[in-house]
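A closer look at the structure
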Amino acid sequence: RWYAICILLGAVIALVRCRYELKKKGLPQDFYDNFFLSVIPISILGARLWYCISEPSSFMKGNFFDSFLAILGFTGSGFALSGLAVQGGVLAGLIWGICYFKFIKKRYPVSLHVDLIVPAIFIGQIFGRWYYRI
């Protein structure tokens, strides 16, 4: 549970930092709130898929349906979602961010969002890695 707390703390601090940078630039502070709520589950899904692609032998047992359920985290004894790869989470978040700011919230250029959000990803990584020190 400490890992989840550290990751969530990093995500919240990253959002606060983005809101602060928006305020400095004279933009509405709540501009990233909806994006933040949508990118977290998409990043978790991307992290899980990247892990499953990188470890196919762990999931390709039996028929296709059993393998698919194993990828989703369902085992014979219940639900256990173990195995996430941060590269997949960052990649899925990046793809979602480009789509979100290019097609949904087109008010500002994508480059502005990259400048504001990418340093926040590093903040999230720093706090997420604290887990290994606790």
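In short, a report on the structure. Nothing here was measured: the structure is a model prediction, and the numbers come from that model. (Residues numbered from 1 in each chain as written. Predicted model: local features only at pLDDT ≥ 70, side-chain atom pairs only at ≥ 80, totals over all residues. Heavy atoms only, no water.)

Across its full length, the protein chain carries five helices and two strands. In sequence order, the secondary structure elements of the protein chain are arranged as α-α-α-β-β-α-α. If you take every contact in the protein chain between residues at least 6 apart in sequence, the share linking residues at least 24 apart comes to 70%. In the structure as shown, the protein chain presents an accessible area of about 9000 Å², 69% of it carried by carbon and sulfur atoms. (Helix = DSSP H or I, 4+ residues; strand = E, 2+ residues; numbered from the N terminus. Contact = heavy atoms within 4.5 Å. Areas by Shrake-Rupley, 256 points an atom, 1.4 Å probe, with all protein chains shown as cover.)

In a regular helix each residue adds 1.5 Å, so 22 residues correspond to 32 Å; helix H2 (residues 33-54) covers 32 Å between its end C-alpha atoms and thus fits that length. At Val39, H2 is deflected by roughly 25 degrees, the largest bend along its length, and proline Pro41 occurs up to four residues later in sequence. What H2 keeps buried is the set Phe35, Phe36, Ser38, Val39, Ser43, Gly46, Ala47, Arg48 and Cys52. (Expected span 1.5 Å × (residues − 1). Bend = angle between axes of the 7 residues up to and from the residue. Buried < 20%, exposed > 50% of the residue type's maximum accessible area, 1.4 Å probe, protein only.)

Applying the stated criterion across every chain yields a total of eight aromatic pairs. Both rings, one in Phe35 and one in Tyr100, keep their centres 5.2 Å apart while their planes meet at 45 degrees; by these two values the pair is tilted. Linking Phe35 in helix H2 with Tyr100 in helix H4 (residues 86-104), this pair joins segments that are 65 residues apart in sequence. Here Phe35 falls in the buried class, since its relative accessible area comes to 7%. Look at Tyr100 and Phe101: their rings are 5.0 Å apart centre to centre, the planes differ by 90 degrees, and that puts the pair in the edge-to-face class. Each member of the pair, Tyr100 as well as Phe101, is classed as buried. Following the ring pairs from residue to residue traces out a cluster consisting of Phe31, Tyr32, Phe35, Trp96, Tyr100, Phe101 and Tyr108. (Phe/Tyr/Trp six-rings, centres within 6.5 Å; stacked < 30°, edge-to-face > 60°.)

For the rest of this paragraph, the subject is a nonpolar patch on the surface. A cluster of nonpolar side chains, Val86, Val90, Val114, Val118, Ile121 and Phe122, forms an exposed patch at the surface whose accessible area comes to about 440 Å². Breaking the nonpolar patch down by element, the ones donating at least two residues are H4 and helix H5 (110-129). Sorting elements by how many residues they give to the nonpolar patch places H5 first, with four residues. Along the chain, the position of Val86 falls in helix H4. (Patch = residues over 30% accessible without salt bridge, like charges linked within 9 Å, V, L, I, M, F, W, Y side chains within 5 Å. Salt bridge = Lys/Arg side-chain N within 4 Å of Asp/Glu carboxyl O.)

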